[in-house]
Every structure is written in C-alpha cells, then in structure tokens.
Amino acid sequence: MKKVSVIGATGYAGAELLRILHNHPEAHVVHITSESHAGENISDIYPHLRGIYDKQLISMSEMEQIGNDSDFVFIGLPHGHAMKVGKALEDKPTRIIDLGADYRFDDTDVYEAWYKVEHIHKDAPRVYGLAELYRDQIKDAKIIGNAGCYTTASILALAPLAKANLIDMDTIVIDAKSGVSGAGRGAKLPNHFPELYDSFKAYGVANHRHTPEIEQALTELSGKNTVLNFTPHLVPMSRGILSTCYAKLLDGVKPEQVDKAYEEMYGKEFFVRLLGRNGYPATKNVRGSNYCELGWHIDPRTNRVIVLSAIDNLVKGAAGQAVQNFNIACGFDEKLGLDVVPMYP
C-alpha cells in the first residue's frame, strides 16, 4: 500500500484523481490540499464525494509533513506552482507526479518562452509522463511530468507515423476540440453558460502552450525537428477531446504500412483502442475511462493521412494517466484502479 497525497485537490483533475484513487487497492490518500479551501471538507466542495472522502483540506504550508507522510505526491496546480513543491521535496524520497506543465519539457528554456514563468527547478530529474511511449523511463523516475490532455490525444494519434517515418513532419496540422472542464473550475466569462452554450469556437490559434509539448515528443520519435500547427476549440460539453490530425504521406507509402505502424505500436496496449482504417472515434465511447480510441483515414487524392483520436480529458488526459504512471512507477499492473467501462450514454 502506497501513501499518496493530492496537492490541489479542488480542481477538476484533483477531484477526478480522488475518484479514481478511491478504487485503487494499493493507494491510500493521506493528505489533500487547497489554498482557497483550507480547513473545509472536500465533500462540502464536491458533494459527489460525500461519504467517500469526508476529509479536511490542508494548506501547502504543511509541505514538510506532507512529504514525510507520502510515498507519492500528485500535483494538480496551475503552471508555475508545481516546481515550488518539487523544490521543497527534492531532498525527500517522495516521488512526484505533476499533472501540470512544470516538468513536461526537457528544455526549460522552451517552458519559459511559452509559459512566461521562470523555472526555479531547472536541474530536476524529470521524465515525460505519456505512459504508452515512456514507460521504461517512468519506472524509476523521481519526477513525472504528466502529459497534457490535448497532447495525449495528439501525440498518441501521430506517434506511429512519426516513429515509422511515414509522413512529412513539416506538414502536420492538428485540429482539436475539448469539453469545457479542460479550462478548469475557475469562473471565467467565456465559459459562462449563456456565453458558451449553442456555440463552438477556436482559441489560442498559433500560440497554444500545448504546441511545443507535441513538437518535443514528435521530434524525439521521428528524429527530425518538428514544427506544426495546432488549433484548439471549445465545445459546449463537460468532458472529452477529439483530435483530428493531418499529415502528408511520404512518396510511396502504402495504406497497409500505415495500418502496420499502428498495430505494431499499440496492438498490445490495453488503453489504446484501435478502430482501424476508416474508423470513427467518439468522445462518448471513452467518457469516464482511461481509454484512447484511434482511427485513421487515407485520402488518395491529396496523399494525406487523417488520424482521429478521442479521450476523456479528465481521465486519460489528466487523472487517469497520472494513476497509470503511478502504477508503472510502483511496478503495479497498469490497469489497477483504471479498468472501468466507459460511461454511456
């Protein structure tokens, strides 16, 4: 049994993490924190946890005690804050899984350029936490930078093509749509119901912060410096991401080679559902689960491959992936606490 704490437990990802950890037979939650709700009971903030977690939230000022009591700390804080926790715990054996962006980048200069925050823990030993691609590095990592939600959907979609050298890496375009929970729990006018309902809009065009994260992974997989276009959209639903990824196939690449690349990379992956060529993933089919559905289409007229990827942004895109990384780091079965059927309808 591993003792775990959740830093930032009152965000959507933190609450989802508590839901998943409740059903994990090898995890015991010892501390949960919130700066804005310290002293309150988590079930007063999230009534769906009533009778399940009747636990008081504490402040991060008690980090010394949290570190002493925890084998693992999950951090669900906005960017710029997790690195402070990492710095405070660097001399303790406590291992960290950060659901934010602070530990996702190999090069902290890239982080600083995109997030406009000075990185105060540059020398931290970190591993990128996209389980299907980096599990060997995750096993012994002190700090795991959990992959982002848009990035998980997009990287999983394109990784087989990049690794097998089947596409022109200069032609990648990603068009992704997310439910509103991806924007966090804080009250913001653009996410107010009358503003959002019955509408569909893009945002962060050409400058969304998940762009360099996707480029980093695809550059590593392909061995070629990758620069791409990524455009996110907001959809009036609570959760889910559908990422549509486009790239030009290299001359002579056959559809069967594309099929083989996906089968070789994901054929034995429990949490990746391959719908095959001409498949149509849907967010409803993965809702509440740690699955990623993938389908791909080949347009012979333009010689492009179009890959569709569907995940639940709060599970595979955040809390579920964090628990999957936790399982890998502990040597547990990756499915532990995550082997649940998606919610339908």
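Values in this document were obtained by computation on a predicted structure and should not be read as measured data.

Visitor: How would you explain the overall build of the chain if you had to name every residue and give the values?
Guide: A tally of regular secondary structure across the chain gives 11 helices and 13 strands. Its C-alpha atoms give the chain a radius of gyration of 20 Å, near enough to 20 Å, the size a compact globule of 345 residues would have. Counting only C-alpha atoms, the chain reaches 60 × 45 × 40 Å along its principal axes. Burial analysis of the chain (345 residues in total) assigns 55% to the buried set. Of the contacts made within the chain by residues no fewer than 6 positions apart, 70% connect residues no fewer than 24 positions apart. Total accessible area on the chain is roughly 14,800 Å²; 50% of this is exposed by carbon and sulfur atoms. Both charge centroids of the chain, one from 36 positive and one from 43 negative side chains, sit 3 Å from each other.

Visitor: Can you lay out helix 10 (residues 255-266) for me, pointing to particular residues and giving the numbers?
Guide: The terminal C-alpha atoms of helix 10 lie 17 Å apart, and with 12 residues this matches the ideal 16 Å at 1.5 Å per residue to within 8%. Inspection of helix 10 places Val 258, Ala 261, Tyr 262, Met 265 and Tyr 266 among the buried residues, and these make up the whole buried set. Considered in projection along helix 10, the buried side chains sweep an arc of 95° and stay on one side of the axis. Opposite the buried face of helix 10, by more than 90 degrees, sit the exposed residues Glu 256, Lys 260 and Glu 264. Against the buried residues of helix 10 lie helix 6 (131-138), helix 7 (149-163), strand 11 (272-277), strand 12 (292-299) and strand 13 (304-311).

Visitor: How would you sum up the sheet that holds strand 13? Please name residues and give values.
Guide: Strands sit in the order 8-9-7-10-13-12-11 across an open sheet of 7 strands; the sheet is mixed. Each having just a single partner strand, strand 8 (201-202) and strand 11 make up the two edges of the open sheet. With 8 bridges connecting them, strand 12 and strand 13 associate as antiparallel partners. If you follow Cys 292 over to strand 13, its bridge partner there is Ile 311.

Visitor: Outline the sheet that holds strand 3 (residues 72-75), supporting the account with residue identities and numerical values.
Guide: Strand order in this open sheet of 6 strands is 2-1-3-4-6-5, and the pairing throughout is parallel. Looking at which strands have only one partner, the edges of the open sheet turn out to be strand 2 (27-32) and strand 5 (126-129). Strand after strand, the sheet turns through a mean of 25° between neighbouring axes, direction not considered. In terms of strand pairing, strand 4 (residues 95-98) meets strand 6 (residues 143-146) through 3 bridges, oriented parallel. Within strand 6, the position partnered with Ile 97 by the bridge is Ile 144.

Visitor: Please set out the pairing of strand 6 residue by residue, giving values where relevant.
Guide: Judged by which residues are buried, strand 6 turns out to be covered on both faces: Ile 143 and Gly 145 on one side and Ile 144 and Asn 146 on the other are all buried. As paired elements, strand 5 and strand 6 share 4 bridges and run parallel to each other. By the bridge assignment for strand 6, Gly 129 is matched with Asn 146. At this point the chain moves from strand 5, through helix 6, to the parallel strand 6, and the crossover so formed is right-handed.

Visitor: Just give me the short version of unusual backbone geometry, but keep the residues and values in it.
Guide: Excluding glycine, most residues fall at negative phi; most peptide bonds, likewise, are trans. Of note, the amide linkage connecting Tyr 344 to Pro 345 takes the cis form, showing an omega dihedral of 5°. Here Pro 345 shows up in the segment after helix 11 (315-330). We note that Ala 206 has phi near 70°; this positive angle belongs to a residue other than glycine. As for its position among the elements, Ala 206 is in the loop between strand 8 and helix 9 (211-222). Its identity is not glycine, yet Asn 303 carries a phi of approximately 60°, on the positive side. The topology assignment puts Asn 303 in the loop between strand 12 and strand 13. Under the relative-accessibility criterion, Asn 303 is labelled partly exposed at 24%.

Visitor: So, the pattern of salt bridges: which residues are in play, and what are the values?
Guide: By the definition in use, this model includes 15 salt bridges. One salt bridge connects Arg 19 with Glu 16, and the closest N-O pair in it is separated by 2.7 Å. With Arg 19 and Glu 16 both in helix 1 (residues 12-22) and 3 residues apart, this pair spans about one turn of that helix. In this structure Glu 16 comes out as buried when scored by relative accessible area, which is 6%. Bridged by salt links that share partners, the residues Glu 16, Arg 19, Arg 239 and Asp 312 form one connected network.

Visitor: Would you mind going over the state of the cysteines in detail, with residue names and values included?
Guide: Under the defined criterion, the tally for this structure stands at 0 disulfides. Unpaired in this structure, Cys 245 has its nearest cysteine sulfur neighbour in Cys 292, at a distance of 9.8 Å.

Visitor: Talk me through the packing of helix 1 against helix 11; I want residue IDs and the actual numbers.
Guide: Helix-helix packing is described using two parameters, namely the angle between the two axes and the distance between the axes. Interaxial distance between helix 1 and helix 11 falls to 9 Å at its minimum, and their mutual angle equals 45°. What the angle tells us is that helix 1 and helix 11 run oblique. Judged by the twist between their axes, the crossing of helix 1 over helix 11 is right-handed. Contacts between helix 1 and helix 11 pair Ala 13, Glu 16, Leu 17, Arg 19, Ile 20 and Leu 21 from the former with Val 315, Ala 318, Ala 319, Gly 320 and Val 323 from the latter.

The rules we used
Residues numbered from 1 in each chain as written. Predicted model: local features only at pLDDT ≥ 70, side-chain atom pairs only at ≥ 80, totals over all residues. Heavy atoms only, no water. Helix = DSSP H or I, 4+ residues; strand = E, 2+ residues; numbered from the N terminus. Rg over C-alpha atoms; globule rule 2.2 N^0.38 Å. Buried < 20%, exposed > 50% of the residue type's maximum accessible area, 1.4 Å probe, protein only. Contact = heavy atoms within 4.5 Å. Areas by Shrake-Rupley, 256 points an atom, 1.4 Å probe, with all protein chains shown as cover. Lys, Arg positive; Asp, Glu negative; His and termini not counted. Charge placed at Lys NZ, Arg CZ, Asp CG, Glu CD. Expected span 1.5 Å × (residues − 1). Arc of directions from axis to C-beta. Pairing = 2+ DSSP bridges. Axes fitted to C-alpha atoms, helices over the stretch in contact; angles between N-to-C directions. Right-handed = clockwise from strand over helix to strand, strands pointing away. Salt bridge = Lys/Arg side-chain N within 4 Å of Asp/Glu carboxyl O. Disulfide = S-S within 2.5 Å. Parallel < 35°, antiparallel > 145°, perpendicular 65-115°, else oblique. Left-handed = near helix turned anticlockwise from the far one by under 90°.

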